[in-house]
Amino acid sequence: MRLVLVGPPGAGKGTQAQFLAAHYSIPHISTGDIFRANLKAGTPLGVQAQSFMDRGELVADSVTNEMVKDRLTHDDVANGFLLDGFPRNVAQAEVLRAILAEKATPLTAVLELSIDDAEIIGRLSSRRTCKDCFQPSVGVDKCPLCGGDVYQREDDKAEVIARRLEVYAEQTAPIISFYRNEGLLITVSATGKVEEITEHAISALSRVS
Ligand code: ADP
Ligand code: ZN
């Protein structure tokens, strides 16, 4: 299973990604998590990404594409992968298609989590993120996955949320038509219980893989 997960910030990509990656035994590759891990470790990549992330803007394609290209050379992707947060614009989608074409391992499907703006704003402003494993969750004091401390991401503050939604509408939403044209798009509603959304996704994916 070679899967891309797409949806606006707050659609629950990170949460669904955990369950889907476990279900298909594939690595969950989140570009946001990789950037946050680099930021935490103080690497040059993290330093480079920080100002973009804090403002809700996309990190430069050249930087992001190289990072993903490198990640897709690791052994653990032999069985497939779940990409979360990449691609985030059409140029990145084209680069991904070229990387995978070269290895003759095209995408299996692109899963879109759909949700409306009002719901998103409510979710993001009460979202907290684990300092250790970056798992997002709503209304918690400790990380439900690893027990780590949680914090509010700079880009989950109200001012930045609005900009992230704009960036999504302008730059990321066009990849939905791109993938629809490629015949890869599957859309699942991202409202309702977490387990139900996972079930809907798995049953929709079972029809294409
Ligand atoms: P979200 O909750 O919005 O899905 P992510 O954790 O995926 O957030 O990403 C956080 C930030 O990391 C983005 O706002 C952006 O600055 C940067 N980022 C993540 N993925 C990409 C990407 N594919 N291209 C450019 N920037 C990215
Ligand atoms: Zn954690």
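First, a word on scope: everything that follows refers to the structure included in this document. (Residues numbered from 1 in each chain as written. Chains lettered and ligands numbered in written order. Predicted model: local features only at pLDDT ≥ 70, side-chain atom pairs only at ≥ 80, totals over all residues. Heavy atoms only, no water.)

### A look at the overall build of the chain
Turning to step 1, where the next piece is worked out: Assigned secondary structure in the chain consists of 9 helices and 8 strands.
Turning to step 2, where the next piece is worked out: Whereas a compact globule of 209 residues would reach a radius of gyration of roughly 17 Å, the chain reaches 16 Å, a difference of no more than 12%.
Turning to step 3, where the next piece is worked out: Dimensions of the chain, computed from C-alpha atoms along their principal axes, come out at roughly 40 × 40 × 35 Å.
Turning to step 4, where the next piece is worked out: Within the chain, contacts between residues at least 6 apart in sequence are counted, and of these 68% link residues at least 24 apart.
Turning to step 5, where the next piece is worked out: Surface exposure of the chain reaches about 10,000 Å², of which carbon and sulfur atoms provide 52%.
Turning to step 6, where the next piece is worked out: Here the chain holds 22 positive side-chain charges and 28 negative ones, and the gap between their average locations is 1 Å. (Helix = DSSP H or I, 4+ residues; strand = E, 2+ residues; numbered from the N terminus. Rg over C-alpha atoms; globule rule 2.2 N^0.38 Å. Contact = heavy atoms within 4.5 Å. Areas by Shrake-Rupley, 256 points an atom, 1.4 Å probe, with all protein chains shown as cover. Lys, Arg positive; Asp, Glu negative; His and termini not counted. Charge placed at Lys NZ, Arg CZ, Asp CG, Glu CD.)

### Thoughts on the coordination of the zinc ion (ligand 2)
Turning to step 1, where the next piece is worked out: Coordination of the zinc ion (ligand 2) by the protein involves Cys 130 (SG), Cys 133 (SG), Cys 143 (SG) and Cys 146 (SG), with metal-donor separations of 2.3 to 2.4 Å.
Turning to step 2, where the next piece is worked out: Here the zinc ion (ligand 2) binds 4 donor atoms, and the angle range of 102 to 120° at the metal identifies the geometry as tetrahedral.
Turning to step 3, where the next piece is worked out: Mapping the donors of the zinc ion (ligand 2) onto the primary sequence yields the spacing C-x2-C-x9-C-x2-C.
Turning to step 4, where the next piece is worked out: Among the residues examined, Cys 143 registers a relative accessible area of 5% and is labelled buried. (Donors = N, O, S within 2.8 Å, 3.2 Å for Na, K, Ca; no water. Tetrahedral: all angles 85-135°; square planar, octahedral: opposite > 155°, others 65-115°. Buried < 20%, exposed > 50% of the residue type's maximum accessible area, 1.4 Å probe, protein only.)

### Here's the deal with unusual backbone geometry
Turning to step 1, where the next piece is worked out: Here the bond from Phe 86 into Pro 87 is cis, since omega is -5°, no more than 30 degrees from zero.
Turning to step 2, where the next piece is worked out: Here Pro 87 lies in the loop between strand E3 (81–84) and helix H5 (90–102).
Turning to step 3, where the next piece is worked out: Residue Phe 134 is not a glycine yet carries a positive backbone phi of 70°.
Turning to step 4, where the next piece is worked out: Note on placement: Phe 134 falls in the loop between strand E5 (127–130) and strand E6 (136–138).
Turning to step 5, where the next piece is worked out: Here Phe 134 falls in the buried class, since its relative accessible area comes to 11%.

### Points about the pattern of salt bridges
Turning to step 1, where the next piece is worked out: Scanning all chains against the criterion turns up 13 salt bridges.
Turning to step 2, where the next piece is worked out: Notably, a salt bridge pairs Asp 156 with Arg 127, separated by 2.9 Å at the nearest N-O pair. Here Asp 156, found in the loop between strand E7 (150–151) and helix H7 (158–172), pairs with Arg 127, found in strand E5; they are 29 residues apart in sequence, far enough to count as distant. The same class applies to Asp 156 and to Arg 127, which are both buried.
Turning to step 3, where the next piece is worked out: Here Asp 155 makes a salt bridge to Arg 153, at a shortest N to O gap of 2.8 Å. In terms of burial, Asp 155 and Arg 153 fall into one category: buried.
Turning to step 4, where the next piece is worked out: Connected through shared salt-bridge partners, Arg 127, Arg 153, Asp 155, Asp 156 and Arg 164 make up one network. (Salt bridge = Lys/Arg side-chain N within 4 Å of Asp/Glu carboxyl O.)

### A word on the packing of aromatic side chains
Within a pair of aromatic rings, the relevant descriptors are the distance that separates the centres and the angle that separates the planes.
Turning to step 1, where the next piece is worked out: Taken as a whole and judged by the stated rule, the model has 1 aromatic pair.
Turning to step 2, where the next piece is worked out: Measuring from ring centre to ring centre gives 5.1 Å for Phe 178 and Tyr 179, while their planes differ by 85°; the resulting arrangement is edge-to-face. Across the pair, exposure class does not vary: Phe 178 and Tyr 179 are buried alike.
Turning to step 3, where the next piece is worked out: One residue, Arg 55, lies across the ring of Phe 52, its end atom 5.3 Å from the ring centre. (Phe/Tyr/Trp six-rings, centres within 6.5 Å; stacked < 30°, edge-to-face > 60°. Lys NZ or Arg CZ within 6 Å of the ring centre and 35° of its normal.)

### Observations concerning helix H3 (residues 44–55)
Turning to step 1, where the next piece is worked out: For H3, the set of buried residues is Gly 46, Ala 49 and Met 53. For H3, the buried positions fall inside an angular range of 75° around the axis, keeping them on one side. Residues of H3 that are exposed and point over 90 degrees away from its buried face: Pro 44 and Val 47.
Turning to step 2, where the next piece is worked out: Along its buried surface, H3 packs onto helix H2 (31–41). (Arc of directions from axis to C-beta.)

So yeah, pure geometry; function would need other evidence.
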